[in-house]
Amino acid sequence: QQQVKQSPQSLIVQKGGISIINCAYENTAFDYFPWYQQFPGKGPALLIAIRPDVSEKKEGRFTISFNKSAKQFSLHIMDSQPGDSATYFCAASGFHGSSNTGKLIFGQGTTLQVKP
Amino acid sequence: ETGVTQSPTHLIKTRGQQVTLRCSSQSGHNTVSWYQQALGQGPQFIFQYYREEENGRGNFPPRFSGLQFPNYSSELNVNALELDDSALYLCASSFAATGEGNTGELFFGEGSRLTVL
């Protein structure tokens, strides 16, 4: 019940295209869903995050779509650029109650390659 | 404002040895979390420290232990190293108003790459 399942494992997109990465979770107590971007040799960096009170959040070329009933959320990268080539991780956590410490449960990651 | 810094960046140990990894949290942050990232996998939560006390632990054995100091820096100690402990160890800092949860906005360091032979 603590898992976050991410797909696809790898993705190749042409420059200017749309990259879509999907995640599904099981624990209905999760109420915070961030996406992290990780370049080789670097730590993950927060890209964008959403809470379940909204169905969509957009920041620049990055959009999170959230479907609470389906327990799924996705990352859309519009106008994908070669500089977006990285590994992307979805994550989830809960924040309320003494049993939750804000720990993140990460998906397995998606390696995105944007071809010029 | 300084980011999260970790040391050492790379180290090699042999089975059975002990290792200490260090982390300086980002300025203004009071909570430190440690994650283990195996090659090709997502980070896995080890534990979190708040106000110098462990404040949540993932599915890791007791030979993984930690400390948080008054300046909010932290150490991760691993005893009796096993081959499967080879991984990138990530430290992340954040700000929590109370001990019960935080914003989840974790800021990660670049990690310490541990190889166990």
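Keep in mind that what you see is a predicted model, and the values were worked out from it rather than measured.

Let's talk about the overall build of chain A
Alright, step 1. Check the secondary structure of chain A and you find zero helices and eleven strands.
Alright, step 2. Across chain A, helices and strands are ordered from the amino to the carboxyl terminus as β-β-β-β-β-β-β-β-β-β-β.
Alright, step 3. Computed over the C-alpha atoms, the radius of gyration of chain A is 14 Å, within 12% of the 13 Å expected from 2.2 N^0.38 for a compact globule of 116 residues.
Alright, step 4. For chain A, the spread of C-alpha atoms along the three principal axes comes to 45 × 30 × 20 Å.
Alright, step 5. Counting every position in chain A, which comprises 116 residues, the buried fraction comes to 46%.
Alright, step 6. In chain A, the proportion of contacts linking residues at least 24 apart, taken out of those at least 6 apart, comes to 55%.

A look at the pattern of salt bridges
Alright, step 1. Counting across every chain of the model gives seven salt bridges over all chains.
Alright, step 2. Its salt-bridge partner being Lys42 of chain A, residue Glu110 of chain B comes within 3.0 Å of it at the nearest N-O pair. One end of the pair, Glu110 of chain B, is in the loop between β10 (107-108) and β11 (112-116); the other, Lys42 of chain A, is in the loop between β4 (33-38) and β5 (45-50), on a second chain.
Alright, step 3. The partly exposed category is assigned to Glu110 of chain B, whose relative accessible area is 45%.
Alright, step 4. The exposure class of Lys42 of chain A is partly exposed, given its relative accessible area of 40%.
Alright, step 5. Across the pair Glu54 of chain B and Arg57 of chain B runs a salt bridge, and its minimum N-O distance is 3.0 Å.
Alright, step 6. Under the relative-accessibility criterion, Glu54 of chain B is labelled partly exposed at 39%.

Calculation notes
The written sequence of each chain sets the order in which its residues are numbered from 1. The lettering of chains begins at A and the numbering of ligands begins at 1, in the order of writing. The model is predicted, so local features are restricted to residues of pLDDT at least 70 and side-chain atom pairs to those at 80 or more, both for listing and for counting; the totals for chains, interfaces and linings are taken over all residues. Note that the side-chain values use all heavy atoms of the structure and ignore hydrogens as well as water. Secondary structure follows DSSP: runs of H or I at least 4 residues long count as helices, runs of E at least 2 residues long count as strands, and numbering of each begins at the N terminus. Radius of gyration: over C-alpha atoms. The globule rule applied is 2.2 Å multiplied by the number of residues raised to the 0.38 power. Relative accessibility thresholds used throughout: buried, under 20% of the residue-type maximum; exposed, over 50%; partly exposed, between the two (1.4 Å probe, protein chains only). Every residue pair with non-hydrogen atoms within 4.5 Å of one another is taken to be in contact. Salt bridge, as used here: a side-chain nitrogen of Lys or Arg that lies within 4 Å of a carboxyl oxygen of Asp or Glu.

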